[in-house]
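Structural features, examined
Here is how the chains run, residue by residue.
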Amino acid sequence: MVAYFKLQHNLILISGAFIGIAVALSGLVIDIHGESGYLRMFYYAIFLFTGVVIARIMSSQLANRRLKSLYKTLYTDGDAQKFIEHFTPIVNKVPENSIEYIDGCNKIAFAYEALGEYQKALDLTDSLEPEKLKLHVLTGSATTLIQKLRLELLLKDKESAGITYEKAVELSAVAKDRAPKLSENIVQCLKAYQIWLKHLYGNDDEYEYIREEYECASNAIYRSEMKTLYEEMLQSEI
């Protein structure tokens, strides 16, 4: 997502444009100096455009590498504090009405969650307004609701979690026709959270599903949460 690295992106595009013009002037690819004025300008435009396109691709690849490195810090290395310190300034530079801001804040909230600062994480998700996005409203709303629901469950606020759960169910129904894959993802997430919510009300019949959830989880933070939940459910059964 180049939106997180706008200055870097613009500098790369400008560099690509200059390099394109420089290649055109050098005559290394094609000698255009003897061409008529209009045709020469056309060639210059082609080289400039090519330089910008290549630069855009390079900028996107570089941005993705930087983001992957940051995400690795959180999701693989489990260093939530380092992630917050490095990623928060980046997110704060993008517009609040963008999907990048919503997604970024939810990832920061997850980092606070990893540190056990559940209320701080919840306050951050509560401050988000994905419904005001011009694009990707469903995606932004789904990400925020799922993050909010998990935090309310961790805080054992079953009343609020129940309300958020119902909102997520409604959103999955809305997304079913417009974004089927998103709807499927929401439903998949809600299965574990529904069992979690039932646990808060004293119903632990489906603890084996939670065991499978934590055993199959690739995210170390989420796996730890599911393992803790499983152990709590087992204890309730004794």
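Scroll up a little and you will see the structure.
Right, let's walk through the structure included here.

**Things to note about the overall build of the protein**
Secondary structure assignment for the protein yields ten helices and zero strands. Secondary structure elements of the protein occur, N-terminal to C-terminal, as α-α-α-α-α-α-α-α-α-α. With respect to the three principal axes, the spread of C-alpha positions in the protein is 90 × 35 × 30 Å. Counting only residues that meet the buried cut, the protein has 41% of its 238 residues in that class. The long-range fraction of contacts in the protein, counting pairs at least 24 apart against all pairs at least 6 apart in sequence, stands at 59%.

**Things to note about the pattern of salt bridges**
Going through the model one piece at a time under the given rule, you end up with 13 salt bridges. One salt bridge in this structure joins Arg150 and Glu113, with 2.9 Å as the shortest N-O distance. With Arg150 in helix H6 (residues 137–154) and Glu113 in helix H4 (residues 99–114), this pair connects stretches of sequence that are 37 residues apart. Per residue, the accessibility class of Arg150 equals that of Glu113, and both read buried. Of the charged contacts in the structure, one is a salt bridge between Asp126 and Lys148, with a shortest N-O distance of 2.6 Å. Within this pair, whereas Asp126 is found in helix H5 (residues 118–126), its partner Lys148 is found in helix H6, the two being separated by 22 residues in sequence. We classify Lys148 as buried; its relative accessible area is 18%. Via salt bridges that share partners, Glu113, Arg150 and Glu225 belong to a single interconnected network.

**So, the packing of helix H8 (residues 180–200) against helix H9 (residues 207–216)**
Two elements in contact, H8 and H9, have axes separated by 9 Å at closest approach and are oriented at 130 degrees. One finds that H8 runs oblique with respect to H9. Remark: the crossing between H8 and H9 carries left-handed chirality. Judged by residue contacts, Gln188, Lys191, Ala192 and Ile195 of H8 engage Tyr209, Ile210 and Glu213 from H9.

**Digging into the packing of helix H7 (residues 158–178) against H8**
Direction vectors running N to C along H7 and H8 enclose 160 degrees, while the axes themselves pass 9 Å from each other. Taken together, the axes of H7 and H8 lie roughly antiparallel to each other. Remark: the crossing between H7 and H8 carries left-handed chirality. Residues Lys158, Ala161, Gly162, Tyr165, Ala168, Val169, Leu171, Ser172, Ala175, Lys176, Asp177 and Arg178 of H7 form the contact with H8, whose participating residues are Pro180, Leu182, Ser183, Ile186, Val187, Leu190, Gln194, Leu197 and Leu200. Along the lines of polarity and charge, the residues of the contact of H7 with H8 split into 13 nonpolar, four polar and four charged.

**A closer look at H5**
Listing the buried residues of H5 in full gives Ala121, Leu122, Leu124 and Thr125. Seen along its axis, H5 keeps its buried residues to an arc of 155 degrees; they face one direction. In this structure, the buried residues of H5 make contact with H4 and H6.

What counts and how
Residues numbered from 1 in each chain as written. Predicted model: local features only at pLDDT ≥ 70, side-chain atom pairs only at ≥ 80, totals over all residues. Heavy atoms only, no water. Helix = DSSP H or I, 4+ residues; strand = E, 2+ residues; numbered from the N terminus. Buried < 20%, exposed > 50% of the residue type's maximum accessible area, 1.4 Å probe, protein only. Contact = heavy atoms within 4.5 Å. Salt bridge = Lys/Arg side-chain N within 4 Å of Asp/Glu carboxyl O. Axes fitted to C-alpha atoms, helices over the stretch in contact; angles between N-to-C directions. Parallel < 35°, antiparallel > 145°, perpendicular 65-115°, else oblique. Left-handed = near helix turned anticlockwise from the far one by under 90°. Nonpolar A, V, L, I, M, F, W, Y, C, P; charged D, E, K, R; others polar. Arc of directions from axis to C-beta.

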